[in-house]
Amino acid sequence: MKLSVVMPIFNEERTLEEIVRRVLATDYEIDLVLVDDGSTDGSREIMKRLESEHDGIRCFYHERNQGKGAALGTGFKEVVGDVVVIQDADLEYDPQDYKILLHPIEEGHADVVYGSRFLGGRYVRVHLFWHYVGNRMLTLLSNMLTNLNLSDMETCYKAFRIDVARKLDIQSRSFAVEPEMTAKVARMGVRVYEVPIRYAGRDYAEGKKIGFKDAVLAVLAIIRWRF
Ligand SMILES: Nc1nc2c(ncn2[C@@H]2O[C@H](COP(=O)(O)OP(=O)(O)OP(=O)(O)O)[C@@H](O)[C@H]2O)c(=O)[nH]1
Ligand SMILES: [Mg+2]
C-alpha cells in the first residue's frame, strides 16, 4: 500500500528534519508531500535539501503564510497514494502510530480513520486544562451537527482512502480545516473509525502556536460547514 503523507509546515526548522526521518522510517511505501506555508525561518532550505537527498519527497511552497488549511489544500491536490494521512511537522504525533491508524482501512472496514488522543493511547502528555475543555466543546459541537460521535475532532491524525481525500475539496485556510473535513466526511456517509494514538504535546515555550482565536474560528467553521 502506498501512503501519501501531507505535511503542512510553518516555521518548523527545529523539528522538520527529525519528523521527516520518522515518517520515512515507517514500514510503508511513502509519498511525502511537504507544503511550506510561507515560513520565514530555515524550513524552506531544509525542505530543499531533504527533497534532493531522498526519493519520495515532493515540496510545494506558499509565497505568504495562509494557515494550515491552505497548506493542506495545496498538498491534497498532489496526493497519489492509496491512502492519505496528515502529519504535522512538530513532534507531537508519532509516525510509528500509522500502523494502528491505518489498520481499519487495511482490514477493509473503514474509509476514514481519526487517531484520538482521548481513547487511551500508550501515553498522552497531560493536556493544559483549558485547552482540553476547549477541545471537548469543539468536538461536542461538531458531533451535535454531524451526528458522528468522535472523541477528538481536532486531532491531526486523520487518514482517508484516496477516493475520499479527492472529494474533500478543502476550502478553509486556517485551523477551521479540521471541522470542515469532519463535516464533509459526515455528509459523504463514509465509514469513519477512531483508534487510540500517542500524543507528546508541546507547550508554548516549545513552539505551540494555537490560541483562543483559533477556537473561535473553529466554532464558526463547525456551524458554517454543517449548512
Ligand atoms: N500555527 C500554524 N501552523 C501552520 C500554519 N501553516 C501551516 N502550519 C502547520 O500546521 C501544523 C499544525 O500547527 P500547530 O501549530 O502544531 O497546531 P496544533 O498542533 O494544533 O497546535 P500546537 O502544536 O499546540 O501549536 C504544523 O505542522 C504547522 O507547521 C499556520 O499558518 N499557523
Ligand atoms: Mg502541533
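Residues numbered from 1 in each chain as written. Chains lettered and ligands numbered in written order. Predicted model: local features only at pLDDT ≥ 70, side-chain atom pairs only at ≥ 80, totals over all residues. Heavy atoms only, no water.

(A) Up close: the overall build of the protein. Secondary structure assignment for the protein yields eight helices and seven strands. Since a compact globule built from 227 residues should have a radius of gyration of about 17 Å, the 16 Å found for the protein is in line with a globular shape. Projected onto its principal axes, the C-alpha positions of the protein cover 45 × 40 × 35 Å. Taking the intrachain contacts of the protein between residues at least 6 apart in sequence as the baseline, contacts between residues at least 24 apart amount to 78%. On the protein, roughly 10,700 Å² of surface is accessible, and the fraction owed to carbon and sulfur atoms is 54%. If you average the places of the 31 positive and of the 35 negative side-chain charges in the protein, the two averages end up 5 Å apart. (Helix = DSSP H or I, 4+ residues; strand = E, 2+ residues; numbered from the N terminus. Rg over C-alpha atoms; globule rule 2.2 N^0.38 Å. Contact = heavy atoms within 4.5 Å. Areas by Shrake-Rupley, 256 points an atom, 1.4 Å probe, with all protein chains shown as cover. Lys, Arg positive; Asp, Glu negative; His and termini not counted. Charge placed at Lys NZ, Arg CZ, Asp CG, Glu CD.)

(B) Structural context of the nonpolar core. One finds M7, L16, F76 and F160 to be the most contacted residues of the largest nonpolar core, which totals 58 residues. Ignoring sequence-local partners within four residues, the contact set of F76 consists of V6, V84, I86, F160, A165, L168 and I170. (Core = buried A, V, L, I, M, F, W, Y, C linked by side-chain atoms within 4.5 Å. Buried < 20%, exposed > 50% of the residue type's maximum accessible area, 1.4 Å probe, protein only.)

(C) Structural detail: unusual backbone geometry. The phi angle at N11 is positive, at roughly 55°, despite the residue not being glycine. Take N11: it is sitting in the loop between strand 1 (2-9) and helix 1 (16-24). For N147, which is not glycine, the phi torsion reads 60° and is therefore positive. Here N147 shows up in the loop between helix 5 (129-146) and strand 6 (158-161). Residue classification places N147 among the exposed positions, given a relative accessible area of 72%.

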